[in-house]
Every structure is written in structure tokens, then in C-alpha cells.
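Structural description and commentary
Next come the chains, spelled out residue by residue.
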Amino acid sequence: MIGPIWEGGGKVLPLLILTLLLPVSAGAETLVATREDGTEIARFDVPQGTEWCVLWNHSVKGFPVSDCYVNQAGRMVLMHAHLPDFAAGLDHIPGRGRQVTDGQGGYFILDINEPVPGNAYVLRPGAGPVDHRLAVGDAVVSLSAVAPRERVRIALLGSTDQ
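Source: prediction; values computed, not measured. (Residues numbered from 1 in each chain as written. Predicted model: local features only at pLDDT ≥ 70, side-chain atom pairs only at ≥ 80, totals over all residues. Heavy atoms only, no water.)

1. Looking at the pairing of strand β10 (residues 133–136)
This is how it is decided: Here's how the labels work: a residue is buried when its accessible area is under 20% of the maximum for its type, exposed when over 50%, partly exposed in between, all with a 1.4 Å probe on protein chains only. Helix and strand definitions follow DSSP, with helices as H or I runs of at least four residues and strands as E runs of at least two, each counted in order from the N terminus. When DSSP locates at least two bridges between a pair of strands, those strands are taken to pair.
Covered by surrounding structure in β10 are Arg133 and Ala135 together with Leu134 and Val136, the residues of both alternating faces. Relative to β10, strand β3 (residues 51–57) runs antiparallel, the two being bridged by three bridges. Within the sheet, the bridge partner assigned to cysteine 53 lies in β10 and is alanine 135. Pairing between β10 and strand β11 (residues 139–142): four bridges, direction antiparallel. When the sheet's bridge partners are listed, alanine 135 is paired in β11 with valine 140. Here β10 hands over to β11 after two residues, with glycine 137 in that stretch at a positive phi of 60°.

Printed below as a string of C-alpha cells:
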């Protein structure tokens, strides 16, 4: 039987082991989007292994584009992208992931596995129909709706950064 820690003795070790095995928020990471002045636009819990995407509509062709990241041991890592066309500004850089067809005239770039320096980057969301969005699971926040053409910092923060 595991008793309170203050009872001491051999009861502390089983409690410590149980505590280490339970899922806890310590060390959990958070994805945060902020304006240049530090005003928070979005905040999501993104535990180890969680994926999120930055979505937008191509400014000329209007089709949806995505760059998807994962929390890999506390690091923001670009994993894959979907580009429905080789339109202006969209291309695959040889040696950076592998390009495969999406079966609909576009392509995926898979296995990019590129850590983002400093776990953060700045994006200037496009206005109107470009609609840059941050998507985590079913939750989607339009960065363009609240900060069009502003500098928005997207950062993966560890428990010590928050």
C-alpha cells in the first residue's frame, strides 16, 4: 500500500515511481503565436509527437498550401508540406525531403525533418483570401484575420520558456 510521503520509509520510492510513470504536464510544450509587441494571438498545448500545420491559400492561384511541423522531443521540426501546383514561389528543393504525387496534380514533400532554428520563426500573414491559419488538430486560428501583414512569431515553448 502506498501512503503519504511524510510516512517516510519505503513508501516514498513506490510513490516516486508511480509519479514518474503518470502523464504529467511538466516538460510539456506550447505552441504560441504572438504579435511583435508580444500580444498573444493563439496558444495550443502540443505535447511530444503532436503535429500542427500552417495553412494558407496561394496568393495567385488561390489553392490551399500547407507546411506541417511536429514537436519532436521539444524541438519544432518541419516534417512535410503539401503543394497542389508548381505555382509561383512553390517548389521542391532537391535534398530537402522527397517529393511524391498527391494523385491530383500536386505533390507532397515528405520526410523533410528540418529543425527550426530557435524553435521559432516570424511569418507575415497575408491579408484577405490568402488567410494564413494555424491548425492544431481540429482547432484552427486565422492569423490573417487578427494580424494581416504584421510580423507574427510562431514559437514552440518548453515548460521553462512559458
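2. Looking at the packing of aromatic side chains
Threshold: For Phe, Tyr and Trp, rings pair up if their centres lie within 6.5 Å, where Trp contributes its six-membered ring, and each pair is then called stacked (planes under 30 degrees apart), edge-to-face (over 60) or tilted (otherwise).
Here the structure, examined in full by the defined rule, presents two aromatic pairs. A ring pair is formed by tryptophan 52 and tyrosine 69, whose centres lie 6.0 Å apart and whose planes are at 15°; its orientation type is stacked. Taken together, the residues tryptophan 52 in strand β3 and tyrosine 69 in strand β4 (residues 64–72) connect sequence positions 17 residues apart. By relative accessible area, tryptophan 52 is classed as buried at 1%. With a centroid separation of 5.7 Å and an interplanar angle of 25°, the aromatic rings of tyrosine 69 and tyrosine 121 are classed as stacked.

3. Let's talk about the state of the cysteines
Working definition: the covalent bond between the sulfur atoms of two cysteines is a disulfide. Using the following cut-off: Two cysteine sulfurs form what is called a disulfide whenever their separation falls within 2.5 Å.
A full pass over the atoms with the stated rule returns one disulfide. In this model cysteine 53 forms its disulfide with cysteine 68; the gap between the sulfur atoms is 2.0 Å. Disulfide cysteine 53-cysteine 68: the torsion about the S-S bond is 105°, which places it as right-handed. Here the residue cysteine 53 occupies a position in strand β3, and cysteine 68 occupies one in strand β4, the gap between them amounting to 15 residues. Judged by its relative accessible area of 12%, cysteine 53 falls in the buried class. A residue is classified by how much of its surface remains accessible, and cysteine 68, at 3% relative accessible area, is buried.

4. Comments concerning the nonpolar core
Note the following rule: Only buried Ala, Val, Leu, Ile, Met, Phe, Trp, Tyr and Cys residues count toward a nonpolar core, and they belong to the same one when joined by side-chain atoms within 4.5 Å. Throughout, a contact is declared for two residues whenever any of their heavy atoms are within 4.5 Å.
Counting residues in hydrophobic clusters, the biggest one holds 29 residues, and the most contacted among them are Leu31, Ala33, Trp52, Met76, Leu134 and Ile154. Within the residue set of this core, elements represented by two or more residues are β1 (30–35), β2 (40–45), β3, β4, β5 (75–83), β7 (107–110), β10 and β12 (152–157). When residues in this core are grouped by element, the largest group, four residues, is from β5. Setting aside anything within four residues of it in sequence, one finds alanine 33 in contact with Thr39, Glu40, Ile41, Ala42, Leu134, Leu143, Val152, Arg153 and Ile154.

5. Points about the confidence of the model for the protein
We count it as follows: A residue's pLDDT is simply how confident the predictor is in it, with values from 0 to 100.
Mean pLDDT for the protein: 80, with 75% of residues reaching 70 or above. Confidence, expressed as mean pLDDT per element, reaches its minimum in the protein at helix α1 (residues 12–21) with 32 and its maximum at β12 with 98. Throughout residues 1–26 the model reports pLDDT below 50, and contacts reaching past four residues in sequence, or to other chains, amount to ten contacts.

6. What about the environment of proline 47?
By the secondary structure assignment, proline 47 is in the loop between β2 and β3. The class of proline 47 is partly exposed, set by a relative accessible area of 43%. Each C-alpha atom, one on proline 47 and one on glycine 158, is 9.7 Å from the other, the two residues being 111 residues apart in sequence. In this structure proline 47 touches Glu29 and Asn71, once residues within four positions along its chain are discounted.

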